[in-house]
Amino acid sequence: MSAATATATRTAEIPVRHKKYDWGMTRTYIAAAVILIWCLAPFYWMVVTAFRDVGYTFDPTFFFTHVTWDNFATVFDERLGNHFARNLLNSVIVAGITTIVALVVGVFAAYALARLNFRFKFAVMGFILGASMFPGVALVTPLFQLFTSIGWMGTYQALIIPSISFTLPLTVYTLTSFFREMPWELEESARIDGCTQGQAFRKVILPLAAPATFTTAILAFISAWNEFLIASQLSSDATKTVTVAIASFAGSQPHVEPYTAVMAAGTIVTIPLVILVLVFQRKIVAGLTAGAVK
Amino acid sequence: MSTEVPARTQAKAASTSRHQMPGRESADRKQVTQGRWASVLLAPTLILLAVVIIYPVVNAIIMSFQKDAGLDTATGFFVQGGAAGFDNYAHWIAQQCNGVACPPGTLGSQFWGAMSTTFFFAIVTVALETVLGFWMAIIMARTFRGRSIVRAAVLVPWAIPTAVTAKLWFFIFAFEGIANKLFGQQILWTGSEWPARWAIIISDVWKTTPFMALLILAGLQLIPDEVYEAAKVDGASAWQRFTQITLPLVRPALMVAILFRMLDALRMFDLPYIMTQGGNNTTTLSILVVDQIRQGFNSAAALSTITFLVIFIVAFIFVRFLGANAVGAATSSGKK
C-alpha cells in the first residue's frame, strides 16, 4: 500500500470512527459505573454499618441512618475485653519494623540486581520470586515449635521474623524493577560536570530513588499490616495485631456477633490504608505491576 | 574522539560504564569486580531469607520424619517420639492412623477433602478473577473522563486486609444481611456447603480481581495503538481484534498474573478460617495444617511440606509448560 492510499484510508475513517465513538462512550461509562459500584459498595456498607446504632444492625437503608459513635467506643472498651489501642500499636510495631528491615536490607540487593552484571543473576531472581510466593503455613509449623522451645512465643520478634519472609522478597522484586527504569546515566553526567561520587549520589540518585523506595515501603507496609495467618498462630494477647483482633471481637451483648463494632474496627484499620492508596494511586499501581509485565 | 563510537557500543554490550575505554580484558575485569560487588550487596538479603525461609523449611522436613509424642491409641502407652520414616506422610496421603484407616471426623480423614477444596477454590476463583479482571482491564485501558477515579477505586478492595474483608462479607452474607434482603432470599450462607463455598469465592473475587485487572491493564498498555489501527484498516472485527491481537500480545502478562494468583489461592487461609472456621467442607490445606499444629507438630510439619510441594509442582507446571515466565519478565532489561 502506498503512502498516499494509507493517508486516504485514515482520513476516510475518521468520521466513521467518530460516530461509533459516542455509542462506545456510553457503554464505557456504564461499565465504569458497574466497576465503581462493585468495588466500593461493600466498603461503603462497612462504613455505614460502623456508624449505625447496634439496634439497627440489619437495617437495609442505603444511607447513613441512626448515626452514632457508640460502635467506636465498643471497639476501644477494655471492660469488654477489647484492647484495640494495644492491637493497633502492635500492628504498627510489627509492620513498621518489618518494613524498615526489608527496605534497608533489600535496597542493596535491588541495586545489585538492577545495575550489576554477574553470574547466577537469573537464579537469584528466581529464588527471590519463589520466596515471595512461599506458603505461610510451611513456616508456621516449624516456627511454632522453635519459638515455643526458645520461649519466643508471643514476642514481637516471633511476628517480625516470619513477616520478613514475604516482605523482603516483595521489596527486592519491586525495587529492582523501579531501579532498572531509572536514568542512571545522570550519575555519570553529574560526575563529568564535577560532582564527587558522594555529591552525585546525594543530589542526583537519591532524589530519583526516593519516590521508588517510598512506594515500595507502602507496598511492604500494607502487606505486613494485612498479615493474618502467622499473627493468628504466633501472637499472644499482648502482641495480638489488629487483623487477629478483628477476627475475634467481643461486642456489648454476649453471644451476639457484634457486627456493628466489627465494622467500626474494620473502618479504623482500613481508612488509613485507603487514604494512602488513593493519594499514591499512580505510584502504587506502578509498584504493583512492576516487573510482572515489562 | 574517533574511538568514541565503537568504545560506546562495546561498553554497552559489556554493561560497563560509558566513559571508560574498555578493551576486552578490562571488560572482563569489570565483570569480576561487579560480581564481587554483587555478592556483597546481595549477601544480607540472601542470608536473611535463608534464616527466615530455608532454615524453617529444612526444620519442617526433619520434623516430618519424627514421631509425635503422645498416647498410642493402639497400645495405650505414651510414646516419646523417635524416627517415624514416612509414617506422617502415610498418615495424610494413605489416611493411616496408627496402622488403621483414619476414622471419619479426625483431622487425618480430612486430607483429600481439604486437597480438593483447595483446588476447587483456586481454580474457580482464579478463573472468575481472570475473566472479570480482563474485562475491568479493557474498560480501564479506554480513555474517558474519570478514568483515574476508576483506577483508584479498584485499589480499595486490594488495600483492605483480608481479615476485614472476611468479616465484611460475613456481615453481608448474614441471614438478615444485605445480600439476602437485596435479592429477596433466605439463604443460610455460611450454614451449608455450597452457599458457604460461594460466599467465600465471591469475597475472594471481590478482594483480588483488582490485582488481576491492574496486572492485565499493564500488559494491555504495552500494545501500541497502531496495531489496532492497522487491524481496523484491514477490516478485522472487534472480536477478531480481541482474539488475534489482544490475547496473544497480552499473554505473557496474563500468564504471570494467573501464576501469581494461582499460587496465592492455593495457600488460601484467612477467608474460610474467619468466615466458616473451615466448617461445611470449606477446610483448605492451610487450615488443616493450622488445626493440626496443636495436636502434633511433626504430623503438621509433614502436611505443611506436602502443601509446599503441591504449590511448588503447580508453579513448576505453569512455568515449564504454560510459559509463565515470571523470572524472565523480572530479569529482562527495563525500558522497551
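Residues numbered from 1 in each chain as written. Chains lettered and ligands numbered in written order. Predicted model: local features only at pLDDT ≥ 70, side-chain atom pairs only at ≥ 80, totals over all residues.

(A) Just the overall build of chain B, in detail. The helix and strand inventory of chain B stands at 15 helices and four strands. Looking at chain B residue by residue over its 336 residues, the buried ones come to 41%. Nonlocal contacts in chain B, meaning residues at least 24 apart in sequence, comprise 64% of its contacts between residues at least 6 apart. (Helix = DSSP H or I, 4+ residues; strand = E, 2+ residues; numbered from the N terminus. Buried ≥ 20, exposed ≤ 12 C-beta atoms within 10 Å, placed from the backbone. Contact = placed C-beta atoms within 7 Å.)

(B) The overall build of chain A, seen in detail. When you go through chain A residue by residue, the secondary structure sums to 12 helices and zero strands. Starting at the N terminus and ending at the C terminus, chain A contains elements arranged as α-α-α-α-α-α-α-α-α-α-α-α. Burial status across chain A gives 45% buried among its 294 residues. Relative to all contacts within chain A whose residues are 6 or more apart in sequence, the contacts with residues 24 or more apart total 74%.

(C) Spatial organisation of the packing of helix H4 (residues 121-132) of chain A against helix H6 (residues 156-181) of chain A. Residue and element names in this part refer to chain A. Across the interface, H4 lies against H6 with an axial gap of 8 Å and an inter-helix angle of 135 degrees. Accordingly, the angle class assigned to the pair H4 and H6 is oblique. Crossing hand, H4 versus H6: left-handed. Across from Ile 128, Leu 129, Ala 131 and Ser 132 in H4, the residues of H6 making contact are Ser 165, Phe 166, Pro 169, Leu 170, Val 172 and Tyr 173. (Axes fitted to C-alpha atoms, helices over the stretch in contact; angles between N-to-C directions. Parallel < 35°, antiparallel > 145°, perpendicular 65-115°, else oblique. Left-handed = near helix turned anticlockwise from the far one by under 90°.)

(D) Region of interest: the domain arrangement of chain A. All names here are of chain A. What the domain assignment lists for chain A is domain 1 (3-70) and domain 2 (77-289). Taken together, the contact between domain 1 and domain 2 spans seven residues of the former and seven residues of the latter. Classifying every residue of the side of domain 1 that touches domain 2 by side-chain character gives four nonpolar, two polar and one charged. (Domains from an automatic or database assignment. Nonpolar A, V, L, I, M, F, W, Y, C, P; charged D, E, K, R; others polar.)

(E) Just the packing of helix H5 (residues 137-149) of chain A against helix H13 (residues 285-293) of chain B, in detail. Between H5 of chain A and H13 of chain B, whose axes approach to 10 Å, the crossing angle comes to 5 degrees. As summarised for this structure, H5 of chain A and H13 of chain B are arranged roughly parallel, according to the angle between their axes. Residue-level contacts link Val 137, Val 140, Thr 141 and Phe 144 of chain A of H5 of chain A to Ser 286, Val 289, Val 290 and Ile 293 of chain B of H13 of chain B. In terms of residue class, the contact of H5 of chain A with H13 of chain B is made up of six nonpolar, two polar and no charged.

(F) Fine view of the interface of chain B and chain A. On the side of chain A, 89 residues touch chain B, which itself brings 88 residues to the contact. Among the residues forming the side of chain B that touches chain A, the class breakdown is 60 nonpolar, 18 polar and 10 charged.

(G) Representation of the confidence of the model for chain B in the model. All names here are of chain B. Confidence in the prediction for chain B averages 81 pLDDT; 82% of positions are at 70 or higher. Counting contacts from residues 1-22, a segment whose pLDDT is below 50, to residues more than four positions away or on other chains yields 20 contacts. Overall fold confidence (pTM) sits at 0.84, and the ipTM for the predicted complex is 0.85. (pLDDT = per-residue confidence, 0-100.)

(H) Representation of the nonpolar core in the model. Counting residues in each nonpolar core, the largest one holds 162 residues, and the members touching the most others are Ile 246 of chain A together with Ile 216 of chain B. In terms of residue count, helix H3 (residues 84-115) of chain A provides more of this core than any other element does, 14 residues in total. (Core = buried A, V, L, I, M, F, W, Y, C linked by C-beta atoms within 7 Å.)

(I) The arrangement of the environment of Thr 148 of chain A in detail. Along the chain, the position of Thr 148 of chain A falls in helix H5. In sequence terms Thr 148 of chain A and Ala 112 of chain A are 36 residues apart; their C-alpha atoms lie 37 Å from each other.

(J) Structural view of the environment of Val 244 of chain A. Note on placement: Val 244 of chain A falls in helix H10 (residues 242-247). The spacing of Val 244 of chain A and Thr 213 of chain A is 31 residues in sequence and 29 Å in space, taken between C-alpha atoms.

(K) Representation of the domain arrangement of chain B. Residues and elements named next belong to chain B. Its domain assignment divides chain B into domain 1 (4-64) and domain 2 (108-331). Domain 1 puts four residues into the contact, and the matching count from domain 2 is six residues. Each residue belonging to the side of domain 1 that touches domain 2 can be placed in one class, and the counts come to three nonpolar, one polar and no charged.

(L) Broad picture of the confidence of the model for chain A. Residue and element names in this part refer to chain A. The predicted model of chain A has a mean per-residue pLDDT of 84, with 89% of residues at 70 or higher. Averaged over each element, pLDDT in chain A is lowest for helix H1 (residues 3-50) (73) and highest for H3 (92). Per-residue pLDDT stays below 50 along residues 1-17; that stretch engages in two contacts with residues further than four places along the chain or on separate chains.

(M) Structural detail: unusual backbone geometry. Here Phe 120 of chain A, not a glycine, exhibits a phi torsion of approximately 65 degrees, which is positive. Inspection of the secondary structure assignment puts Phe 120 of chain A in the loop between H3 and H4. What makes Phe 120 of chain A partly exposed here is the crowd of 13 C-beta atoms within 10 Å. For Gln 277 of chain B, which is not a glycine, the phi torsion comes out positive at approximately 55 degrees. In this structure, Gln 277 of chain B sits in the loop between helix H12 (270-275) and H13. Note on Gln 277 of chain B: 13 C-beta atoms within 10 Å, which makes it partly exposed.

(N) Up close: helix H7 (residues 162-172) of chain B. Of all 11 residues in H7 of chain B, 11 are buried, a share of seventy percent or more. Within H7 of chain B the residues assigned to the buried category are Thr 162, Ala 163, Val 164, Thr 165, Ala 166, Lys 167, Leu 168, Trp 169, Phe 170, Phe 171 and Ile 172 of chain B.

(O) The arrangement of the environment of Thr 125 of chain B in detail. Residues and elements named next belong to chain B. Structurally, the position occupied by Thr 125 is in helix H4 (residues 111-141). In sequence terms Thr 125 and Asp 204 are 79 residues apart; their C-alpha atoms lie 6.9 Å from each other. Apart from residues no more than four positions distant in its own chain, Thr 125 is found in contact with Ile 201, Asp 204, Val 205 and Ala 265.

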